[in-house]
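# Summary of structural features
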Amino acid sequence: MQYELDKSGIKSLAGFAYQIKVFAYYAFSLKAGMTVEFETIDDVNLKMITPKQLDTQSHNFVCKTSNVAIQVKHTKVTNAVAQQLLLNWILLESSPYDVDKYILLTDKSYQNSGDIFVKDAKALHKIVVNSNKGVNAVITKVKNLYEKDYAEFEKMYNSISTKFEFMDLDDIDSEIIEAASDHFRRVADEVVFYQRLGEFLQYITAQILNSVSNNDSFVLKYEEFISIIEDISNRFTPTDTAPSYSNFKRINKIDLKDSKVSQSREYIQLKHCDLPDRLIEHNLLHGMYYHVTSLKYMENNRMEKINDIEDTAFENFENVKFDLQRNDRDAPYERLNMTQQQPNSYADNDQIRLGVSIHLTKDSAGGRQISWKDEDNE
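Structure report, in brief.

About the criteria used
Residues numbered from 1 in each chain as written. Predicted model: local features only at pLDDT ≥ 70, side-chain atom pairs only at ≥ 80, totals over all residues. Heavy atoms only, no water. Helix = DSSP H or I, 4+ residues; strand = E, 2+ residues; numbered from the N terminus. Buried < 20%, exposed > 50% of the residue type's maximum accessible area, 1.4 Å probe, protein only. Contact = heavy atoms within 4.5 Å. Areas by Shrake-Rupley, 256 points an atom, 1.4 Å probe, with all protein chains shown as cover. Salt bridge = Lys/Arg side-chain N within 4 Å of Asp/Glu carboxyl O. Core = buried A, V, L, I, M, F, W, Y, C linked by side-chain atoms within 4.5 Å. Arc of directions from axis to C-beta. Polar contact = N/O pair within 3.5 Å; in protein donor to acceptor, adjacent residues only side chain to side chain.

For the rest of this paragraph, the subject is the overall build of the protein chain. The secondary structure content of the protein chain amounts to 16 helices and six strands. Dimensions of the protein chain, computed from C-alpha atoms along their principal axes, come out at roughly 90 × 55 × 40 Å. Residues counted as buried form 47% of the 378 residues belonging to the protein chain. Restricting the contact set of the protein chain to residue pairs at least 6 apart, pairs at least 24 apart contribute 68%. A total of about 19700 Å² of accessible surface is found on the protein chain, and carbon and sulfur atoms cover 47% of it.

Rendered as structure tokens:
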């Protein structure tokens, strides 16, 4: 299989939300004492903790915490959006958080100008004072703080304007690839580089989705980031391919109502086994995981690995089928259950061992095709 480098780079990053990509982009800028945060004080926040010694005779330290608040907009920034953004930042500037920089980051395709200071401080203050929005509205919270204190409102407004930076990116995917090049050793092996980067994005996505489902933010510390880089680099080499099943499962869902799923041969074969929907989903997910992993084997020119896994799985099935027929116990569930109990020393984990048997029930399986129920008996 010929590996198409440019397309692989796009595929490595496809499917990830823009805001998550921005988070990943900034993760690669982490240094000691830094964290990158998702949905804390802003969409993305870079926090820096800098220890400062009190005096040369003392071993006591104080720590200065500063932040870079990043607002991510993958859309057209209208005047209304700009105003809302500025009001949010005025609240943030008024808080105990020490913000060194406010960044508005957008995609160049939306042709945003970056001018969020459309109205001057006096005009914006007038809008705030005249607002009659509900108590939970951002503009109401600003009004409660500064309705009778224009001087302080102007001070916050001017402070934000001096700290403001507009970033208009041509291509976030390319920015991430460049940022990750050293961490994942792109110069050594580009195929492995893209596999590592894809695994990192999958990890970040899984963690963020888990945090969101728990109504929480996600914080990545520098030390944890380095550990993740090391773990992924060890699991993906020219001779090893070990994607995390746990992360894969968190971001890939099986929809049994999707006609592409319900009309697929692997689904129909599992239905013959009288499995509950939940177990059908598990089996299909295992099959998907094996398929994705096998594509990574192909990218590394490891076709013999795929052949060994699939030949072993198919031979296991044939042995099971013969044994069941000989003992008058042949039934779809028995074929599935007994086949998946067989060992496969070429499979690197249980999900690959289980998933290859589901993968081989596909229409495209060719001479290795597995049937839990023979089609001529349907």
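Still to come is the rest of the account.
Inspection of the secondary structure assignment puts alanine 188 in the loop between α7 (172–180) and α8 (190–213). Using a relative accessible area of 65% as the deciding quantity, one classes alanine 188 as exposed. Through-space distance from the C-alpha of alanine 188 to that of valine 128 is 56 Å; in sequence the pair is 60 residues apart.

Here we take up the pattern of salt bridges. A full pass over the atoms with the stated rule returns 18 salt bridges. In this structure, the salt-bridge partner of aspartate 231 is arginine 235, at a minimum N-O distance of 3.1 Å. Placement of both aspartate 231 and arginine 235 in helix α9 (residues 222–235) is noted, with a separation of four residues, approximately one turn of the helix. Through salt bridges with shared partners, a single network forms among Lys321, Asp330, Arg335 and Asp374.

This brings us to the nonpolar core. Counting residues in hydrophobic clusters, the biggest one holds 43 residues, and the most contacted among them are Tyr26, Phe200 and Leu220. Here this core takes nine residues from α8, the largest share from any one element. For phenylalanine 200, the residues in contact, after removing those within four places along its chain, are Ala24, Ala27, Phe28, Phe184, Phe225, Ile228, Ile229 and Ile232. Counting residues in hydrophobic clusters, the runner-up holds 29 residues, among them Leu275, Leu336, Ile358 and Trp372.

Next up on the list: the pairing of strand β1 (residues 34–38). When you tally the buried positions in β1, you get five out of five residues, the bulk of the element. In β1, alternate side chains face the same way, and those of Met34, Val36 and Phe38 on one face and Thr35 and Glu37 on the other are all buried.

Turning to unusual backbone geometry, a few remarks are in order. The phi torsion at glutamate 39 lies on the positive side, around 60 degrees, for a residue other than glycine. Assignment of secondary structure puts glutamate 39 in the loop between β1 and β2 (44–53).

As a further point, take α7. Listed as buried for α7 are Ile172, Asp173, Ile176, Ile177 and Ala180. On an axial view of α7, the arc spanned by its buried residues comes to 140 degrees, and they lie on one face. Put simply, aspartate 171 is the residue that caps the front of α7, since its side-chain oxygen is 3.1 Å from the backbone nitrogen of aspartate 173.

Functional significance is not addressed by these values, which are geometric in nature.
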